[in-house]
Amino acid sequence: MKQITGNKLLVKALKEEGVEVLFGYPGATTIDLSDELYRQDSIKIILPRHEQALVHEADAYARTTGKVGVCLVTSGPGATNVVTGLATANYDSVPLVCFTGQVSRYLIGNDAFQEVDIVGITRNITKYSVTVRNREDLGRIVKDAFYIARTGRPGPVLIDLPKDVMSELGSAEYPGTVNIRGYKPNTSVHVGQLKKAIKMLNSAKRPLLLAGGGVNIAHAQEIFTKVAEKTQVPVVTTIMGRGAISTEHPLFIGNLGMHGAYAANMAVSSCDLLFSIGTRFNDRITGKLHAFAPNAQIVHIDIDTASISRNIHVHVPIVADAKEALVKMDEYVHPCDTKQWLAQIDSWRNEHPLNMHKTNALSPLDIIHEINNQFDESIIVTDVGQHQMLVTQYAQITPKKQLVMSGGLGTMGYGLPGGIGAKIGNPDKPVIVISGDGGMQMNIQELATAVLEELPIIICIFNNEYLGMVRQWQKLFYGKRYAMTNLRSGALSRRTNGEEYPEYTPDFVKLAESYGAKGMRVTKKEDVAAAFEEAKKNTKTPTLIEFIISPEEMVYPMIKPGGTLEDMIMDC
């Protein structure tokens, strides 16, 4: 029987798993694998400029295509640099398979050059993490990894590859099936529990549907919308669930939580049945747990058993895939009497509509509205911060648009590499990256990747010269002591008596041009539309648009730290 090296078998396995794109960065322990990848043409290899960005790129590729994202890094610092990206993917249930190089087996435990216990480091931030100790186990482990990553609640899997294992000869066979004892993810729906939940829905006076990120992960937006329309039950979403139903739909109220719409938060506080699908009920949406949906019975559908009743006690738990559950729901539901309830929600909307103060100066809303106007189809990728929350409030997300971001971990630096991964996976769709001037600088080196791959992404930088979200907290709750947030002054912003701050660094326009991208700066609202029109003409390289906005622009509503959904700061 023919024998091949572990490196050759891995390349064969990737092909059989249907991998089309691999995001990789080379090193001593993976150089032989890089050589094998060089010898083939069916898998496109992307060379980013940093391993953290590499994982974010694979992550956004997976989120926007529905495929498993695949990463390859070397041992030691290459492996430790993927930790943040793996944790990001783990929180947001993104299917990834990450291969890390490792020193040869006889060196493990000897503090060898570039040796780390990456399996131990990542055990709590991956769905599964394993070192391949024997060449004969390689094929099975890789097969299992792809299955584990994409089934049940999706998530990242890490496979650690000792250099000597990968150079060893062994069977050329790659398994065709998976049989993992103890891992049998459930997707079927307990019809008895579901009928019980639907009976409660039918008898409720103030029912509410809550869609979390699980609805989007399951690609269940269409059936979710159908169920909402059939029942006439209003909908709120988490920020990760935004897009589960079109934001233009009359049944959509808004996001709930820390920066949720007033009507959405009031609806949750006043509903008598909260029918939730695919959410963890984390602290950003619940506020104080004892005051969350205090008048409601709660139904919770989730693929992950561990997520049910972990934070919020639920009355009817249903462990199931969101799409499977919604398809089954569609068979049983019928219209609910929600006219009075919808009228109450409309009164809350009219009392406190979601809007920002209108000013003559350029504001974030001017930029987001122009994106809404000019792009009927797009993928919007945000970084983390004020701009992210404003996008979740005001960006129109319809069936032709997708919103991608780091939700659970809140990872600054996700935006630019996320946009790159999304564009590689969706070359025919416009991809718009929205970042702050702080987050942009965390992975700005990926401009080189975008230029070399000829990716015409549009990068919008909201430059307010501050780390805006932290500054907002400092303004509201810390007596305007802007410690460590002014990106012009350094750590302590105590300049008095008219002292001038240094010039802002970097010059984003010149920096973009130095990478080979197109750079523009916009300071007036009347120039926003033209900037996007110009960017759309650039079809071979990225376009960076720096928007100069005031640091006084705030994100409202906002729930006070430790407050309830009713403790909203509406303005200041």
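Residues numbered from 1 in each chain as written. Predicted model: local features only at pLDDT ≥ 70, side-chain atom pairs only at ≥ 80, totals over all residues. Heavy atoms only, no water.

- Labelled according to an unreviewed UniProt entry, the protein appears under the name Acetolactate synthase, originating from Candidatus Scybalocola faecigallinarum.
- Under Catalytic activity (unreviewed entry), UniProt gives the following word-for-word description of the protein: "2 pyruvate + H(+) = (2S)-2-acetolactate + CO2".
- Looking at the protein in UniProt, the text filed under Sequence similarities (unreviewed entry) is "Belongs to the TPP enzyme family." (UniProt positions renumbered as here; feature names shortened; annotations may be inferred.)

## Some words on the sheet that holds strand β18 (residues 458–463)
One key point about sheets: their strands pair by backbone hydrogen bonds, in either a parallel or an antiparallel sense.
Here comes step 1: Overall, parallel pairing links the 6 strands, which are arranged β16-β15-β17-β18-β20-β19 in an open sheet. Both outer strands of the open sheet, β16 (401–404) and β19 (518–522), are each paired with one neighbouring strand and no more. Pairs of neighbouring strands in the sheet enclose a mean axial angle of 20 degrees, with direction left out of account.
Here comes step 2: Sheet topology note: the strand β15 (residues 378–382)/β16 ladder contains 4 bridges and is parallel. By the bridge assignment for β16, I379 is matched with Q402. (Pairing = 2+ DSSP bridges. Helix = DSSP H or I, 4+ residues; strand = E, 2+ residues; numbered from the N terminus. Axes fitted to C-alpha atoms, helices over the stretch in contact; angles between N-to-C directions.)

## As for the UniProt feature "domain: Thiamine pyrophosphate enzyme N-terminal TPP-binding" (unreviewed entry) in the protein
Here comes step 1: UniProt records the feature "domain: Thiamine pyrophosphate enzyme N-terminal TPP-binding" (unreviewed entry) at residues 5–120, using the numbering of this structure.
Here comes step 2: Secondary structure within residues 5–120 divides into 43% helix and 17% strand; the distance between the first and last C-alpha atoms comes to 26 Å.

## Some remarks on the layout of surface pockets
Here comes step 1: Here the second largest pocket is characterised by a volume of approximately 500 Å³.
Here comes step 2: Forming the boundary of the second largest pocket are 25 residues, of which R242, T247, I253, L354 and Q393 lie nearest the centre.
Here comes step 3: Broken down by secondary-structure element, the contributors of at least two residues to the lining of the second largest pocket are β11 (252–255), α12 (262–270), α16 (364–374) and α17 (386–394).
Here comes step 4: Here the lining of the second largest pocket gets 4 residues from one element, more than from any other, and that element is β11. (1 Å grid on protein atoms, 1.4 Å probe; cavity = no way out; pocket = protein on both sides within 12 Å on 5 of 7 lines; lining within 4 Å. Points joined across faces, edges and corners; volume = space filled by probe spheres on them.)

## Points about empty space enclosed by the protein
Here comes step 1: Under the definition given, this model contains 1 cavity of 30 Å³ or more.
Here comes step 2: Approximately 30 Å³ is the volume attributed to the largest cavity.
Here comes step 3: Lining the largest cavity are N7, T29, T30, L33, L161 and M166.
Here comes step 4: Counted by class, the lining of the largest cavity contains 3 nonpolar, 3 polar and no charged residues. (Nonpolar A, V, L, I, M, F, W, Y, C, P; charged D, E, K, R; others polar.)

## Side note on the nonpolar core
When a protein is soluble and globular, its nonpolar side chains tend to lie buried together.
Here comes step 1: Core analysis: the biggest nonpolar cluster contains 47 residues, and F23, I424, M440, I457, I459 and L544 have the highest contact counts within it.
Here comes step 2: In terms of residues, this core owes the most to one element, helix α3 (residues 51–65), which gives 6 residues.
Here comes step 3: Residues contacting I424, with those up to four places away along its chain left out, are V21, F23, I46, Y61 and L455.
Here comes step 4: Listed in part, the 36 residues of the second largest apolar core include I198, F252, F275 and L326. (Core = buried A, V, L, I, M, F, W, Y, C linked by side-chain atoms within 4.5 Å. Buried < 20%, exposed > 50% of the residue type's maximum accessible area, 1.4 Å probe, protein only. Contact = heavy atoms within 4.5 Å.)

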